[in-house]
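Geometric and topological summary
For reference, the chains in residue letters:
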Amino acid sequence: MGAGHESLPLVDRDWHGHSRRRFLTAAATLVTVGVLPLRALALAGPYSFKRGALDITVVSDGHLVFPTSILAPDAPPDALKQLLDAAGITGTEIKPDANVAVIRSGADTILFDTGSGANFQPTAGKLVANLALAGIQPDSITKVVFTHAHPDHIWGTLGTDGNLTFPKAAYYAAAAEWNFWMDKDLVTKVPEAMQPFVLGAQNNLTAVKEKVTMFKPGDEVHAGIRVLDTPGHTPGHVSFEIPGDEMLIIVGDAIVAVPIAFPHPEWRFGFDSIPDLAIQTRKTFLDRAATDKIKMLGFHWPYPGIGYAEKKGTGYAYVAAS
Ligand SMILES: [Zn+2]
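Since this is a predicted model, take the numbers as computed values, not measurements. (Residues numbered from 1 in each chain as written. Predicted model: local features only at pLDDT ≥ 70, side-chain atom pairs only at ≥ 80, totals over all residues. Heavy atoms only, no water.)

This part covers the overall build of the protein. Within the protein, the regular secondary structure consists of 10 helices and 18 strands. Here the protein holds 322 residues, and 50% of them are scored as buried. Of the contacts made within the protein by residues no fewer than 6 positions apart, 67% connect residues no fewer than 24 positions apart. In the structure as shown, the protein presents an accessible area of about 14,100 Å², 56% of it carried by carbon and sulfur atoms. (Helix = DSSP H or I, 4+ residues; strand = E, 2+ residues; numbered from the N terminus. Buried < 20%, exposed > 50% of the residue type's maximum accessible area, 1.4 Å probe, protein only. Contact = heavy atoms within 4.5 Å. Areas by Shrake-Rupley, 256 points an atom, 1.4 Å probe, with all protein chains shown as cover.)

Another point: the sheet that holds strand E16 (residues 295–298). Pairing in this open sheet of seven strands is mixed, and the strands run E12-E13-E14-E15-E16-E17-E18 from one edge to the other. The sheet terminates laterally at strand E12 (220–222) and strand E18 (315–320), the two strands that pair on one side only. The mean inter-strand angle of the sheet, taken between neighbouring strand axes irrespective of direction, is 35 degrees. In the sheet, strand E13 (residues 225–229) pairs with strand E14 (residues 238–242) via four bridges, with the strands oriented antiparallel. Looking across to E14, one finds that leucine 228 is bridged to serine 239. Against the sheet, helix H10 (residues 275–291) makes contact with E13, E14, strand E15 (248–252), E16, strand E17 (306–312) and E18, and its axis sits at roughly 95 degrees relative to E17, the strand it touches most. (Pairing = 2+ DSSP bridges. Axes fitted to C-alpha atoms, helices over the stretch in contact; angles between N-to-C directions.)

Core analysis: the largest hydrophobic core is formed by 30 residues, its most contacted members being Leu111, Leu131, Val144, Phe166, Tyr171 and Trp181. Top element by residues in this core is helix H8 (residues 195–207). It accounts for four residues. Not counting residues up to four positions away in its chain, the partners in contact with tyrosine 171 are Val144, Phe146, Thr157, Leu164, Phe166, Val208, Lys211, Val212 and Thr213. One finds Val58, Phe215, Phe240 and Leu248 within the second-largest nonpolar core, a separate group that totals 24 residues. (Core = buried A, V, L, I, M, F, W, Y, C linked by side-chain atoms within 4.5 Å.)

The buried fraction of strand E8 (residues 108–112) is high, at four of five residues. Taken together, strand E7 (residues 97–105) and the strand that follows it, E8, pair antiparallel across an intervening segment of two residues, in which glycine 106 is found at a positive phi of about 55 degrees. Pairing analysis gives three bridges linking E8 to strand E9 (residues 143–145), with the strands arranged parallel. When the bridges of E9 are listed, phenylalanine 112 appears paired with valine 145. Regarding the hand of the β-α-β motif, the stretch spanning E8, helix H4 (residues 127–133) and E9 is right-handed. (Right-handed = clockwise from strand over helix to strand, strands pointing away.)

This is the structure:
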């Protein structure tokens, strides 16, 4: 984080009687000395920066909790343990952050994924509360763009009252992703454990059926924001390229677990639906990111999830941007 201009909050609001800026400074200090976890700072004031005419803010949806056994089921156990130890991950759980990108451009406020909502995991579904802290009200969102239709990315589309959380938004989804999840027979084709994912995707996607625009790789979802094909995690998974002096890519879940996927993009990840394709996508993506020094925003990387890939040995190292 640091005191750079990129970490200033969007708005200076009161925080229990204190100036927001002062609270942020205090929070940053506490994080520095290890008193508060970094995600506490995400709650205190979202990370934002400018890219040409675009204002980009990373708003936390909270975090998820997964068993570490899902990370790389086929990896040599010793090598996997070494990487987890080095990342300070002990025990049997990993708690990846959930970083939602919000881009403001002219009259538009564009949300990339809607987070988990109230029905996935109790540690997630904090998006609306954290948007409010950033001064962003749900009815000010004009566009919602989906990377893919997993629960932690779209179950926040519907509120607990059954209404759309972002009622005034137009919705954008990859045709390949939409068609995969909306197949009415899909629920009978997947393992039982996956059935809630299918029903949840169908429920949330159906709710935006009248408001959705389908896109394909290469299309723009907004001036200067282009769809990049990154399939494998799900069949129609996409990322988003924002060209400029320095390319920025909103990665989504093309790369999920930082300590594992950067050094070993070739290891199968337990949540990838087409593992070989996901591996190919990760390799191609990381090679390009390292070669072209592309700035990336990863949905599940440590908040705010912005960093670079550098070639290291046979794989890559993650270098946080802040
Ligand atoms: Zn995810």
